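These are the residues of each chain, in order.
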Amino acid sequence: KQWYQRRVRGTHSLQAGLTSLVEKAPKVIGKPNRFIFDILEEEYGKIDKEQTLMIGDSYETDMKFGFNCGVSTALVLTGNAKKEDVESFERKPDFVLDDISEIL
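Residues numbered from 1 in each chain as written. Predicted model: local features only at pLDDT ≥ 70, side-chain atom pairs only at ≥ 80, totals over all residues. Heavy atoms only, no water.

Caption draft 1: Summary view of the packing of aromatic side chains. A full pass over the atoms with the stated rule returns two aromatic pairs. Plain terms: the ring middles of Y59 and F67 are 6.0 Å apart, the flat faces sit at 65° to each other, and that makes the pair edge-to-face. Here Y59 and F67 have matching classes, each one buried. Through a chain of ring-to-ring contacts, the aromatic side chains of Y59, F67 and F89 assemble into a single cluster. (Phe/Tyr/Trp six-rings, centres within 6.5 Å; stacked < 30°, edge-to-face > 60°. Buried < 20%, exposed > 50% of the residue type's maximum accessible area, 1.4 Å probe, protein only.)

Caption draft 2: How the structure looks around the pattern of salt bridges. This structure, assessed with the given rule, holds five salt bridges. Between D62 and K31 there is a salt bridge whose closest N-O contact spans 2.5 Å. Of this pair, D62 sits in helix α3 (residues 59-69) while K31 sits in the loop between α1 (12-22) and α2 (35-44), and the two are 31 residues apart along the sequence. Here E60 ties to K64 by a salt bridge, and the two come within 3.0 Å at their closest N and O atoms. Pair noted here: E60 and K64 are both in helix α3, with a separation of four residues, about one helical turn. (Salt bridge = Lys/Arg side-chain N within 4 Å of Asp/Glu carboxyl O. Helix = DSSP H or I, 4+ residues; strand = E, 2+ residues; numbered from the N terminus.)

Caption draft 3: Expanded view of the side chain of T73. Considering the arrangement of structural elements, one finds T73 in strand β2 (residues 72-76). Each residue touching T73, except ones within four places of it in the same chain, is listed here: L53, M54, M63, G66, F67, P93, D94 and F95. (Contact = heavy atoms within 4.5 Å.)

Caption draft 4: Summary view of the confidence of the model for the chain. Scored by pLDDT, the chain has a mean of 87; 89% of the residues are at 70 or more. Mean pLDDT values over the elements of the chain span from 82, in α1, up to 98, in β2. Across residues 1-6 the pLDDT falls below 50, and counting only partners more than four positions away or on other chains, this stretch makes one contact in the model. (pLDDT = per-residue confidence, 0-100.)

Caption draft 5: Here's a closer look at the nonpolar core. Judged by nonpolar contacts, Y59, M63, F67, L75, L77, A81, V86 and F89 together constitute the single largest core of eight residues. Broken down by element, the residue count for this core peaks at three residues, all from α3. Not counting chain neighbours up to four residues away, the residues in contact with A81 comprise D57, L75 and F89. Membership of the second largest hydrophobic core comes to five residues, among which are F37, M54, C69 and V71. (Core = buried A, V, L, I, M, F, W, Y, C linked by side-chain atoms within 4.5 Å.)

Caption draft 6: Representation of the sheet that holds strand β1 (residues 53-56) in the model. The strand order β1-β2-β3 describes an open sheet built from three strands, whose pairing is parallel. If you trace the sheet from one side to the other, it starts and ends with β1 and β3 (95-97), each paired once. Across the sheet, the axes of successive neighbouring strands diverge by a mean angle of 20°, strand direction being ignored. Pairing of β1 with β2 involves four bridges; the strand directions are parallel. Across the sheet, the residue bridging to G56 is L75, located in β2. Along the sheet, α3 makes contact with β1 and β2, crossing β1 at roughly 180°. (Pairing = 2+ DSSP bridges. Axes fitted to C-alpha atoms, helices over the stretch in contact; angles between N-to-C directions.)

Structure below.
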């Protein structure tokens, strides 16, 4: 993969360095910020939150994105989260799935 195709984890330290350098607060547009959700609503109209499910394998990005957008959440345990981790989460996902086939 090219460098620009790789996923960069832990970008908060890069963000902090740039913030310090330019002396301006950044506008974060990635998950868990709801910016993308708002853009989708602007482009396609009001999203029915009661009919929307955020499915993801990361609590810190995907589930918190769902919480921030006011939609139901489903954590799939194929990513960073383990079943035993769920008990320690400050807010529980609506559904916890071993894999995506459970909802197909």
